[in-house]
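Chain residues, written in single-letter form:
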Amino acid sequence: MSTRYHIGAKGLRGSIEAYAKRFDLLEVQADAHSPSPTALRRWRKAVPPHFEFCVVAGKSLAAVKDSPELARELEMAVETITALQARCFLLSTPVEVTPSSVWRERMARLLERLPRDVTTIVWEPRGVWEHEQAAASAKKWGVVLSVDPVRETVPPGPAAYIRLRALGETHSYGESALSRVISAIGPRRDAYVVLETSSALTECKTLRRLAARGDGAERGGGGRVVRPRVATMKVRDDEQE
């Protein structure tokens, strides 16, 4: 199976045209501070066809609890997805959204209202969710669980959504650590990778080179990864830069 890699940095850096020369994935918040639909359509036209946008739910929508604010942000999210022709939507729920039955029911109801035709729904839970518990819920709801492969298992499925954070002493990721990221992702249809480090461009280039060394990855469409998937990975001191 050929894995298509979509790699982005944390937020837009400079113009969308300059960003798209370096990365091919961008998270875009859908709330009152978002660019207008006209501006978003210009963004879509300014980037190559393979460039992917991931629309991120606003705070009220991510809070899951039904309210007029949630309804407005849901409408904004759909408009943003349409304007950007986004194939990915991220719902990052706050710590208040717990594994209790009440919140599970609210999540299920909200997910029914989100577009599913050509859009992959990604869920990034925060707070008290255990990883295995969250993975089981994501599978039941038919969504992709966002994970940090340094600390969590990458769930099986046609798509993976990976976030590499700059936490603690880990300010960047060396080649051996990124090689294990590719192994953790394994062969699948799509792999979305968000690099939150200050050296995201260097790491993006390294990831693409490693995938290409495996079996011919290309920019914006990716590469066939045949290394076995591992449960978790740890970054040693000598792998940090």
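Rules behind the numbers
Residues numbered from 1 in each chain as written. Predicted model: local features only at pLDDT ≥ 70, side-chain atom pairs only at ≥ 80, totals over all residues. Heavy atoms only, no water. Helix = DSSP H or I, 4+ residues; strand = E, 2+ residues; numbered from the N terminus. Buried < 20%, exposed > 50% of the residue type's maximum accessible area, 1.4 Å probe, protein only. Contact = heavy atoms within 4.5 Å. Areas by Shrake-Rupley, 256 points an atom, 1.4 Å probe, with all protein chains shown as cover. Salt bridge = Lys/Arg side-chain N within 4 Å of Asp/Glu carboxyl O. Right-handed = clockwise from strand over helix to strand, strands pointing away. Pairing = 2+ DSSP bridges. Arc of directions from axis to C-beta. Core = buried A, V, L, I, M, F, W, Y, C linked by side-chain atoms within 4.5 Å.

Student: Just checking my understanding: could you explain the overall build of the chain for this structure?
Tutor: In terms of helices and strands, the chain carries 8 helices and 8 strands. Taken over 241 residues, the chain has a buried fraction of 51%. Within the chain, contacts between residues at least 6 apart in sequence are counted, and of these 74% link residues at least 24 apart. Surface summary for the chain: the accessible area is close to 11,400 Å², and the carbon and sulfur share equals 53%.

Student: What exactly am I supposed to notice about the environment of valine 154 here?
Tutor: On the secondary structure map, valine 154 appears in the loop between strand S6 (144-147) and strand S7 (159-164). We classify valine 154 as buried; its relative accessible area is 1%. Remark: the alpha-carbon pair of valine 154 and alanine 135, spanning 19 residues in sequence, is separated by 9.1 Å.

Student: Help me understand the pattern of salt bridges, please; the structure alone is not making it clear to me.
Tutor: Two side chains bearing opposite charge may form a pair once their charged atoms approach each other closely. A complete count under the given rule lists 15 salt bridges for this structure. For arginine 72, the salt bridge goes to glutamate 69, with nearest N and O atoms at 3.5 Å. Here the residue arginine 72 and the residue glutamate 69 both occupy positions in helix H4 (residues 68-84), the gap between them amounting to 3 residues, near one helical turn. Linked through salt bridges whose partners overlap, the residues forming this network are Glu27, Glu124, Arg126, Arg163, Arg165 and Glu196.

Student: What should I look at first to understand the pairing of strand S5 (residues 120-123) in this one?
Tutor: Note on strand geometry: in a regular strand, side chains alternate between the two faces of the sheet. Of the two faces of S5, both are covered, the one formed by Thr120 and Val122 as well as the one formed by Ile121 and Trp123. Following the chain from strand S4 (residues 88-91) across helix H5 (residues 101-112) to the adjacent parallel S5, one finds a crossover that is right-handed. Bridge count for S5 against S6 is 2 bridges, and the pairing is parallel. Its bridge partner being in S6, valine 122 is matched across the sheet by valine 144. With respect to chirality, the unit in which S5 leads through helix H6 (residues 131-141) into the neighbouring parallel S6 is right-handed.

Student: Looking at this model, I keep getting lost on the environment of glutamate 79. Mind explaining?
Tutor: Structurally, glutamate 79 is set in helix H4. The sequence separation of glutamate 79 and alanine 30 amounts to 49 residues, and the corresponding C-alpha distance is 8.7 Å.

Student: Looking at this structure, how should I read unusual backbone geometry?
Tutor: For residues besides glycine, phi is generally negative; the peptide bonds are generally trans as well. Positive phi values are uncommon outside glycine, yet valine 64 reaches one of about 75°. Along the chain, valine 64 turns up in the loop between helix H3 (59-62) and H4. Despite not being glycine, glutamine 85 shows a phi value in the positive range, around 55°. Secondary-structure assignment places glutamine 85 in the loop between H4 and S4.

Student: What is the right way to read H6 from this model?
Tutor: Each turn of an α-helix holds 3.6 residues, which means side chains three or four residues apart point in the same direction. Buried within H6 we find His131, Ala134, Ser137, Ala138 and Trp141. The arc that holds the buried residues of H6, viewed along the axis, is 130°, so those residues lie on one side. More than 90 degrees from the buried face of H6, the exposed residues found are Glu132, Lys139 and Lys140. Of the residues flanking the end of H6, it is glycine 142, one or two places downstream, whose phi is positive at about 75°.

Student: Explanation requested: the nonpolar core in the structure shown.
Tutor: Inside soluble globular proteins, nonpolar side chains tend to come together where they are buried. With 64 residues, the main nonpolar core has Phe53, Leu61, Phe89 and Trp123 as its most contacted residues. Setting aside its immediate chain neighbours within four residues, leucine 61 contacts Leu70, Glu73, Leu74, Ala77, Phe89, Leu91 and Leu110. Counting 11 residues, the second-largest nonpolar core is a separate cluster that includes Cys54, Val56, Cys88 and Leu90.

Just geometry here; none of it tells us what the structure is for.
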